[in-house]
Amino acid sequence: MVWKRTVIEEAFIQRDAEQILSIPLSATGLSDKRIWRGTTTGQFSVKSGYVIAKEMVQNRRTTCSSGQASGLEEDADMWKRIWQMRAPAKIKMFLWRCLHNIVPVNRVLTQRQLPVDPICPLCGLEEETPSHMLLSCARASKVWVLSPFRL
Ligand SMILES: [Zn+2]
């Protein structure tokens, strides 16, 4: 079994195509299947998911310097504060997405290897990040000045 090199090269950019083509194909010809690495059987169980999640929390706590909240605790606190805001749920979700850097602004898209310019299309001065889009962009500042919130 071999990769269909021309299909891969036509569908993906060169770097991705090379990475895909470097993946060895099965010598047995068996079909792919999903395997959960948390159990010896390869089958997912809630218990094994819980154990892995608990280990991840422990690892984050031990790598965090003493006296400071862990990343997870900070996330929980931030989410709690956002959720307590008097705002529509969609606004709360948008803020949460901004804080987790998952809003598709240009900087985030370039981090995900999409061929876009990371610079803000409105001001052209800085990279378009969630905080730039919402706060530091000159265009955003004009909106805030005119809004009743006066940030
Ligand atoms: Zn801008």
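Here's a quick rundown of the structure. None of these values were measured; they are calculated from a predicted model.

### What about the overall build of the protein chain?
At step 1: Helices and strands together make up the secondary structure of the protein chain, namely eight helices and zero strands.
At step 2: Listed N to C, the secondary structure of the protein chain is α-α-α-α-α-α-α-α in terms of helices and strands.
At step 3: Put simply, the protein chain has 151 residues, and 5% of those count as buried.

### Notes on unusual backbone geometry
At step 1: In this model, Asn101 sits at a positive phi of 55°, which is unusual for a non-glycine residue.
At step 2: Positionally, Asn101 belongs in the loop between helix H5 (89–99) and helix H6 (106–111).
At step 3: Residues other than glycine seldom take positive phi values, yet Gln113 does so here, at roughly 70°.
At step 4: Inspection of the secondary structure assignment puts Gln113 in the loop between H6 and helix H7 (130–136).

### Details of the environment of Met133
At step 1: Turning to its location among the elements, Met133 is positioned in helix H7.
At step 2: Between the C-alpha atoms of Met133 and Cys123, which are ten residues apart in sequence, the distance is 10.0 Å.
At step 3: What Met133 contacts, discounting residues up to four positions off in sequence, is Val105, Glu128 and Ala140.

### Notes on the environment of Cys123
At step 1: Examined against the element boundaries, Cys123 turns out to sit in the loop between H6 and H7.
At step 2: Of the residues examined, Cys123 has 15 C-beta atoms within 10 Å and is grouped as partly exposed.
At step 3: Placed 16 residues apart in sequence, Cys123 and Arg139 show a C-alpha to C-alpha distance of 7.0 Å.
At step 4: When near neighbours in sequence (up to four residues on either side) are disregarded, Cys123 contacts Cys137, Ala138 and Arg139.

Analysis parameters
- Sequence order as written defines residue numbering, which begins from 1 separately in each chain.
- For this predicted model, a pLDDT threshold of at least 70 governs which residues receive local features, and a threshold of 80 or more governs which side-chain atom pairs are given and counted, while totals over whole chains, interfaces and linings are taken from all residues.
- Helix and strand labels come from DSSP, where a helix needs a run of H or I of at least four residues and a strand needs a run of E of at least two; each type is numbered from the N terminus.
- Buried residues are those with 20 or more other C-beta atoms within 10 Å of their own C-beta, exposed residues have 12 or fewer, and partly exposed residues lie in between; C-beta atoms are placed from the backbone.
- By definition, residues are in contact whenever their C-beta atoms, placed on the basis of the backbone, come within 7 Å of each other.

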